Amino acid sequence: MTVTVDPISSVGADRDSAWSALRRGRGLAGLILVGIVVLAGLLAPWLAPFAPDQQIPGATLQPPGGDHLLGTDSVGRDVLSRTLYGIRIDLAVVFLAVPVGAALGSLLGLAATRYDWLDTLVQRAFDLILAFPTIVLAIALAMVIGPGVWTIATVIVLAEIPVFGRLMRTSVLTVRQAPYVEAARSVGADEGWIMRRHILPNCLEPLTVQLALAMSVGVFIEGAMSFLGLGITPPTPSLGSLIKEGTQNAYHSPLFVVGPLVVVVVLVLGLLLISQALAARSRRR
C-alpha cells in the first residue's frame, strides 16, 4: 500500500484563488485605487507642472485654478507638484519598510517555534517593543538620529516586527498540529521537508492579509510623524508634511490640505479593501 501525503498540492490553485479574489469586488476596487496612486507617483516627473521646490514669484497661497490646480503654498510652490512628488516618498518608505519589518518579524517568529528558550527571549523582546506606543518610539528615535526618512522607516520596521512575529509563531504552532502534518511524520517525512512543503505554505496566507493591512498602517505612521515634525521635513515633500502645512495655512487657503488628504484617504482605503478581500477569501476556505 502506497501512502501519499500532499495536502498542499493545490498551492498553485490557492495562488490563483488569491489573485481571483483581487479581480472582483472589493479586491478589484482596492487594486484600482492603489494603482492610481502608485501610477501618479511614478509619473510625477511628467505629470507635475512645476518642480516640487520651485518658488513662483507672486504666487503665494493662491487658490486652486489656472496653472495651479491645487493652489500654491506659503512660499509660492505648486501644491499639485509637491503632492505628486510626496507620493513617491511615501510609497518608497512604506513599500520598503513594511516588507522588511514583516520579513524580520516572520523569521523571529519562525525561529521562536524551534526552541523554548528562544521562544521566551523573542516573546519578551516583542513585549518590550509593544510596551512603547508608536509615537513615543518615534520621538525617541528622532531625538537619537534626527527626523527624516530613515527615522520613519525604522519606526515602521520596529512596529511591524512583533505583529508579524507573533502571527507567524501562532500560525506555525497551529499548522504543526494539523492531521496532514502528523500523517507526513508517520510516513517518515523529514522535519525540514514538512516545514517547507506543508507548514510554511499554509502560514503565508494570514501573513499576506496582514501585509496589506500593515501598509495602510505605515501610511498613517508616516503621515503622523511628518505632521508632528518627526519625519520628513520641508523642503522635501511628503503627504504628511503637506497636510501639516495645509492645516497651518487653513485660514488663508482652506483648500490647500484637500489634495494631499484625498491621496492619503484613497491609498489607505485601497489597501484596506485589498486586505478585506484577502481576509474574506481566507474565511471561505
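## Focus: the overall build of the chain
Logical step 1: For the chain, the helix and strand inventory stands at eleven helices and zero strands.
Logical step 2: N-terminal to C-terminal, the α/β element order of the chain is α-α-α-α-α-α-α-α-α-α-α.
Logical step 3: A principal-axis box enclosing the C-alpha atoms of the chain has dimensions of 85 × 45 × 25 Å.
Logical step 4: Out of the 285 residues belonging to the chain, those deemed buried represent 45%.
Logical step 5: In the chain, of all internal contacts separated by at least 6 residues, the share reaching a separation of at least 24 is 69%.
Logical step 6: Put simply, the chain shows about 14400 Å² of open surface, and 67% of that area lies on carbon and sulfur atoms.

## Quick look at the packing of helix H6 (residues 134–145) against helix H7 (residues 149–176)
When two helices pack together, you describe them by how their axes are tilted relative to each other and by the distance separating the axes.
Logical step 1: Two elements in contact, H6 and H7, have axes separated by 10 Å at closest approach and are oriented at 140 degrees. Relative to H7, the element H6 is oriented oblique. Of the two possible hands of crossing, H6 and H7 adopt the one that is right-handed. Across the interface between the two elements, Thr134, Leu137, Ala138, Leu141, Ala142 and Ile145 of H6 pack against Thr151, Thr154, Val155 and Leu158 of H7.
Logical step 2: When the residues that make up the contact of H6 with H7 are grouped by side-chain class, the tally is seven nonpolar, three polar and no charged.

## Overview of the confidence of the model for the chain
Logical step 1: Taken as a whole, the chain shows an average pLDDT of 85; of its residues, 91% reach a score of 70 or greater.
Logical step 2: Per-element confidence in the chain is highest for helix H3 (residues 44–47), whose mean pLDDT is 94, and lowest for helix H1 (residues 11–21), whose mean pLDDT is 54.
Logical step 3: Low pLDDT, under 50, characterises residues 1–13; the predicted model gives this stretch 17 contacts beyond four residues in sequence or across chains.

## Quick notes on the nonpolar core
Among soluble globular proteins, nonpolar side chains are generally buried collectively.
Logical step 1: In terms of nonpolar packing, the biggest core is built from 63 residues, with Ile87, Ile156, Ile199, Val219, Met225 and Leu267 touching the most fellow members.
Logical step 2: Among the elements that make up this core, the one with the highest residue count is helix H9 (residues 191–227) (twelve residues).
Logical step 3: The residues contacting Leu267, other than those within four sequence positions of it, are Val34, Val37, Leu91 and Val219.

So, how was this worked out
Residues numbered from 1 in each chain as written. Predicted model: local features only at pLDDT ≥ 70, side-chain atom pairs only at ≥ 80, totals over all residues. Heavy atoms only, no water. Helix = DSSP H or I, 4+ residues; strand = E, 2+ residues; numbered from the N terminus. Buried < 20%, exposed > 50% of the residue type's maximum accessible area, 1.4 Å probe, protein only. Contact = heavy atoms within 4.5 Å. Areas by Shrake-Rupley, 256 points an atom, 1.4 Å probe, with all protein chains shown as cover. Axes fitted to C-alpha atoms, helices over the stretch in contact; angles between N-to-C directions. Parallel < 35°, antiparallel > 145°, perpendicular 65-115°, else oblique. Left-handed = near helix turned anticlockwise from the far one by under 90°. Nonpolar A, V, L, I, M, F, W, Y, C, P; charged D, E, K, R; others polar. pLDDT = per-residue confidence, 0-100. Core = buried A, V, L, I, M, F, W, Y, C linked by side-chain atoms within 4.5 Å.

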